[in-house]
Amino acid sequence: MMSHNKFRSGIVTRATWQEKESNVTPQSVFKQRRQIIQALGLGAIATSIPGAVHAGIFDVFDSAPPTQALQPLQYVKSPNAEDQILTPFDKVTSHNNFYEFGTAKSDPAENSQQFNTKPWQLVIDGEVDKPVTIDIDDLMARFPLEERIYRLRCVEAWSMVIPWIGIPLASILRMVAPNSQAKYVAFETLFDPEQMPGQKHRLMGGGIQYPYVEGLTIAEAMNPLTLLSVGLYGKTLPPQNGAPIRLVVPWKYGFKSIKSIVRIRLTSTQPPTTWSQLAANEYGFFANVNPMVDHPRWSQATERRIDAGGLFSARRIETQMFNGYGEQVADLYSNIDLKRFY
Ligand SMILES: Nc1nc2c(c(=O)[nH]1)N[C@H]1C(S)=C(S)[C@@H](COP(=O)(O)O)O[C@H]1N2
Ligand SMILES: [Mo]
């Protein structure tokens, strides 16, 4: 099947949408990390680090458990100068949507710090020849981790630029060998009301049904941009960002990027998705970022880019079609009316 395998070898070839790290305004943390990597004689690790090497390197960077580090490797080129600035770590980890821990933006960081993510098993099954149940640690040991700097555009019209660390979903799907019936990929968040208070009462969780579920077409899932993220800013994911493993689909509204995933199921029919179940006229299955299709209650033409000043001083910038990733993904939708299939 699709043997687009360039990310599997130790050396990652630089695709057109990748840019040198030096083109991204480095946060001091990156500088520091680079110095440590150089000091350790690991300067050559410019791409992906195979699993066996992870633990040793990650241990160096932070005393907070558990951490990991990679060089920022890849940057998605954009004509928009705003993207040269990363959203600071403290904003990425304090302004969150994770309704299982509460609906206010500050709730997830406040309510999730005891969230137990070890051990964590991920089930991948459905229309595949080789279903697996795999521990996250095994998964991270088996695949090279990559850093991807992506814009995250929430349907609520704010956005961030986040340096994720993760594994291309395509690599993981190849491992389970999808069969010819596999047309969609369904994702499911952990259901554990004891740990996730928002799941106890639907009102506290914004009236949505749990577990949170999401889905992609198989072509979307196999696109090289689609990432299963296990970290950001050089560390494993904080709980509020979806520890230990979450999806990142940068050309779609943020709600597609489902957090704390326990199951990935390949299916022959389109799977239900949490937000379209709640309000199908507001949130569709595709949810591609599209400045031409407004939300029924607000415009999607612009967005507020969160930087050091937080949401309230955030600059308003123009929203780009497919969040600026059209060159990589527009082909997926050449036969689709994006106004109808929003
Ligand atoms: N399980 C789960 N996943 C989720 C959400 C959620 O409430 N529950 N919120 C989504 C929304 S609306 C957005 S914008 C992103 C936010 O990711 P971040 O908090 O890491 O920025 O997570 C998405 N994934
Ligand atoms: Mo969102």
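Analysis parameters
- Residues numbered from 1 in each chain as written.
- Chains lettered and ligands numbered in written order.
- Predicted model: local features only at pLDDT ≥ 70, side-chain atom pairs only at ≥ 80, totals over all residues.
- Heavy atoms only, no water.
- Helix = DSSP H or I, 4+ residues; strand = E, 2+ residues; numbered from the N terminus.
- Buried < 20%, exposed > 50% of the residue type's maximum accessible area, 1.4 Å probe, protein only.
- Contact = heavy atoms within 4.5 Å.
- Areas by Shrake-Rupley, 256 points an atom, 1.4 Å probe, with all protein chains shown as cover.
- Near = heavy atom within 4 Å.
- Polar contact = N/O pair within 3.5 Å; in protein donor to acceptor, adjacent residues only side chain to side chain.
- 1 Å grid on protein atoms, 1.4 Å probe; cavity = no way out; pocket = protein on both sides within 12 Å on 5 of 7 lines; lining within 4 Å.
- Sits in = over half its atoms within 2 Å of the grid points.
- Nonpolar A, V, L, I, M, F, W, Y, C, P; charged D, E, K, R; others polar.
- Core = buried A, V, L, I, M, F, W, Y, C linked by side-chain atoms within 4.5 Å.
- Phe/Tyr/Trp six-rings, centres within 6.5 Å; stacked < 30°, edge-to-face > 60°.
- Lys NZ or Arg CZ within 6 Å of the ring centre and 35° of its normal.
- Points joined across faces, edges and corners; volume = space filled by probe spheres on them.

## Digging into the overall build of the chain
Here is step 1 of the chain: A count of helices and strands for the chain gives nine helices and 13 strands.
Here is step 2 of the chain: Here the chain holds 342 residues, and the buried ones make up 57% of them.
Here is step 3 of the chain: Across the chain, every contact between residues at least 6 apart in sequence was considered, and the portion connecting residues at least 24 apart equals 73%.
Here is step 4 of the chain: Accessible surface for the chain amounts to roughly 14,400 Å². Of this, 54% is attributable to carbon and sulfur atoms.

## Regarding the site of ligand 1
Here is step 1 of the chain: In the neighbourhood of ligand 1, 16 residues make up the surrounding shell, with Asn 96, Tyr 99, Glu 100, Ser 257 and Lys 259 lying closest.
Here is step 2 of the chain: Between ligand 1 and the protein, one listed contact pairs an oxygen atom with a backbone N or O atom of Tyr 99 at 2.8 Å.
Here is step 3 of the chain: Residue Glu 100 places a side-chain N or O atom 2.8 Å away from a nitrogen atom belonging to ligand 1.
Here is step 4 of the chain: Protein chains bury 98% of the 530 Å² of accessible surface belonging to ligand 1 in isolation.
Here is step 5 of the chain: Cavity membership is defined here by more than half of the atoms lying within 2 Å of grid points; on that basis ligand 1 lies in the second largest pocket.
Here is step 6 of the chain: Of the residues assigned to the shell around ligand 1, the class counts are seven nonpolar, six polar and three charged.

## Some words on the nonpolar core
Note on soluble globular proteins: their nonpolar side chains tend to be buried together.
Here is step 1 of the chain: Counting residues in hydrophobic clusters, the biggest one holds 82 residues, and the most contacted among them are Leu 139 and Ile 264.
Here is step 2 of the chain: Excluding residues that lie within four positions of it along the chain, Leu 139 makes contacts with Leu 122, Ile 134, Ile 167, Ile 172, Met 175 and Ile 245.

## Overview of the packing of aromatic side chains
Here is step 1 of the chain: Within the structure shown, the criterion is met by 13 aromatic pairs.
Here is step 2 of the chain: When the ring of Phe 255 is compared with that of Tyr 283, the centres are 5.5 Å apart and the planes differ by 80 degrees; the resulting orientation is edge-to-face. Here the residue Phe 255 occupies a position in the loop between β10 (246-248) and β11 (261-267), and Tyr 283 occupies one in the loop between α8 (274-278) and β12 (302-307), the gap between them amounting to 28 residues. Each of the two residues, Phe 255 as well as Tyr 283, counts as buried.
Here is step 3 of the chain: Plain terms: the ring middles of Trp 275 and Tyr 283 are 5.2 Å apart, the flat faces sit at 65 degrees to each other, and that makes the pair edge-to-face.
Here is step 4 of the chain: An aromatic cluster is built from Tyr 184, Phe 285, Phe 286, Phe 322, Tyr 333 and Phe 341, whose rings are joined through pairwise contacts.
Here is step 5 of the chain: Across from the ring centre of Phe 89, 4.9 Å away, lies the NZ or CZ of Lys 235, which sits over that ring.
Here is step 6 of the chain: Above the plane of the ring of Phe 285 lies Lys 256, whose end atom (NZ or CZ) is 4.3 Å from the centre.

## With respect to the layout of surface pockets
Here is step 1 of the chain: Each pocket or cavity is described by its volume, and for the second largest pocket that value is around 430 Å³.
Here is step 2 of the chain: As for the second largest pocket, its lining consists of 26 residues, and the residues nearest its centre are Asn 97, Phe 98, Tyr 212, Gly 254 and Phe 255.
Here is step 3 of the chain: Considering every element that reaches the lining of the second largest pocket, the biggest residue donor is strand β5 (residues 158-168), with four residues.
Here is step 4 of the chain: Looking at side-chain class alone, the lining of the second largest pocket contains 16 nonpolar, six polar and four charged residues.

From the geometry alone we can't say anything about function, so treat these as descriptive.
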